[in-house]
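# Structural description and commentary
Listed below, chain by chain, are the residues.
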Amino acid sequence: MNQTGRCGPSGLLVAGTSSDAGKSVVVAGLCRAFVRRGLRVAPFKAQNMSNNSMVCLDGGEIGRAQWLQAVAARVEPTTAMNPVLLKPGTDRRSFIVVRGEPAGTLEAGQYAAGRGHLRDAAFAAYRELDESYDLVVCEGAGSPAEVNLRAGDYVNMGLAREFGLPVVVVGDIDRGGILAALYGTWALLDEEDRALLKSFVINKFRGDVAVLEPGLDTITERTGVPFHGVIPWLLDVWLDSEDTLEVGHWRASTALSATSRDRLKVAVVRLPRISNATDVDALAAEPGVDLLVTVDPAVAESADLLVLPGSRSTAGDLEWLRERGLADVVAARVAAGRPVLGVCGGYQMLGHEIDDDVEGRVGRVQGLGHLPVRVEFGEAKVLARPEGAWAGHVVDTAYEIHHGIASHVSSAADPVAAQPFLDGWQVGAVWGTMWHGALESDGFRRAWLAEVAAAAGSEWQPRDGAAGFAERREQMLDTLADALEQHVDLDALLALTRMGDPS
């Protein structure tokens, strides 16, 4: 028995048949659905591998998905909700963040073993949440069927075994082969792990559920695991992405050719080591804005606005930008007075020089030379929640995560005088800032986009009465929770935990 006076597991674990099966979405939906029932709920992911992160008010860094899940649960995000964050720097090295602070690197050969200290930090964080909330809704990573990683696992079945958590396995039917994936997940688990697998849930179903049910019945007959829900395809539900900018609702709504002049065409360069890609979510959600993620120089050239987003390897991605011909596109746009925005790593690339013996360890390299800054990387990481304003519009949604420090350098060769822009600079139609998240401030975003549209010759204007970004996020979370209430047996899931135990 615990401090709530109830027996039974303190939470449940939402695992998946694969990465991107819908674990993050389901956890967010469960958090919102359960908090609407009056429960005190916290999200948890023992270890997240993502370059999309957020700074909590307590000053630490966590995965963006866990931050949004905390928003769904209507609680303040803390580092306990994602105690271990791995940020890929190369294909074989990740930077480690433990309880929000940098903690060295993890090489590829160390991934399956040698992570005992990370496990201990994760389990301690879970216990911290267990003591403060009625229910902890946990998200797994990848798949629990990755038996090659089982010995050192502490985010999937290792976590479930440690705390006796019932496991819900989510599968994405849109990928195909869902029945084999669910059965294969069950079959690959050993008996002790399998005993904790209590529920299957199907995600992204389109069609008549009656056609699917014979297959579900067969899987339950063979595994003994019931299905507790079939979630339909939810077009209006999006989530802060963990690993990529290729979000479905952007692809469905963004073609940059042959659009009318009252729309604004935005191209975002998909850098190889893109970081904090969620910066442009607010642009994608703005009425009349068409946004496309691209590596195509022709698309980057044709857009009204070109965005260089953040990067976990600024110098490396800058070299890639040059190799792909995209640096030439940027130069041509600047010369023609066509809008370009750089955020964090993208801002650093637009400067004159980068001196990096920390992140990429490449020494001094030349930037693109379009903004009057020099960037020097320091060992200490800057984690902050700044506030500011632009043209009288308050920006109170920003956050900083970076090693590179940008300092102003004057140049008599600059054809246009530089003007302050948030914490960075504007030269003509080129803007740069280290601040992530600034575009989520509605007044600032819309006023700035109106200036961009004018510079680009677009007739786009902000739409009167349009919902703000935070409001749209809240609507999305409620839509998601409504769908789970309708299509998932939430009472059955709660019954697996201490919240369903009447004693």
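Above this note sits the structure.
The paragraphs below set out a description of the structure included in this document.

Thresholds applied
- Residues numbered from 1 in each chain as written.
- Predicted model: local features only at pLDDT ≥ 70, side-chain atom pairs only at ≥ 80, totals over all residues.
- Heavy atoms only, no water.
- Helix = DSSP H or I, 4+ residues; strand = E, 2+ residues; numbered from the N terminus.
- Buried < 20%, exposed > 50% of the residue type's maximum accessible area, 1.4 Å probe, protein only.
- Contact = heavy atoms within 4.5 Å.
- Areas by Shrake-Rupley, 256 points an atom, 1.4 Å probe, with all protein chains shown as cover.
- Core = buried A, V, L, I, M, F, W, Y, C linked by side-chain atoms within 4.5 Å.

With that out of the way, let us pick up the overall build of the protein chain. Of regular secondary structure, the protein chain possesses 16 helices and 27 strands. Per-residue burial for the protein chain yields a buried fraction of 57% across its 503 residues. Here the analysis covers contacts within the protein chain between residues at least 6 apart in sequence; of these, 74% occur between residues at least 24 apart. Carbon and sulfur atoms make up 49% of the accessible area of the protein chain, which amounts to about 19,100 Å² in all.

Here helix H2 (residues 64-72) lies mainly inside the structure; nine of its nine residues are buried. Residues of H2 that are buried: Arg64, Ala65, Gln66, Trp67, Leu68, Gln69, Ala70, Val71 and Ala72. At the exit of H2 stands arginine 74, carrying a positive phi of roughly 60 degrees.

Counting 64 residues, the largest nonpolar core has Val266, Leu321, Leu341, Leu368, Phe444 and Trp448 as the members making the most contacts within it. With near-sequence residues (within four places) excluded, phenylalanine 444 lies in contact with Trp390, His393, Val394, Val395, Phe421, Leu422, Ala438 and Leu439.

Before going further, it helps to spend a moment on unusual backbone geometry. For arginine 74, which is not glycine, the phi dihedral falls at a positive 60 degrees. Secondary-structure assignment places arginine 74 in the loop between H2 and strand E6 (84-88). One non-glycine residue, leucine 422, lies in positive phi territory at about 50 degrees. Structurally, the position occupied by leucine 422 is in the loop between strand E25 (419-421) and strand E26 (424-427).

So far we have only geometry, and geometry alone does not tell us how the molecule works.
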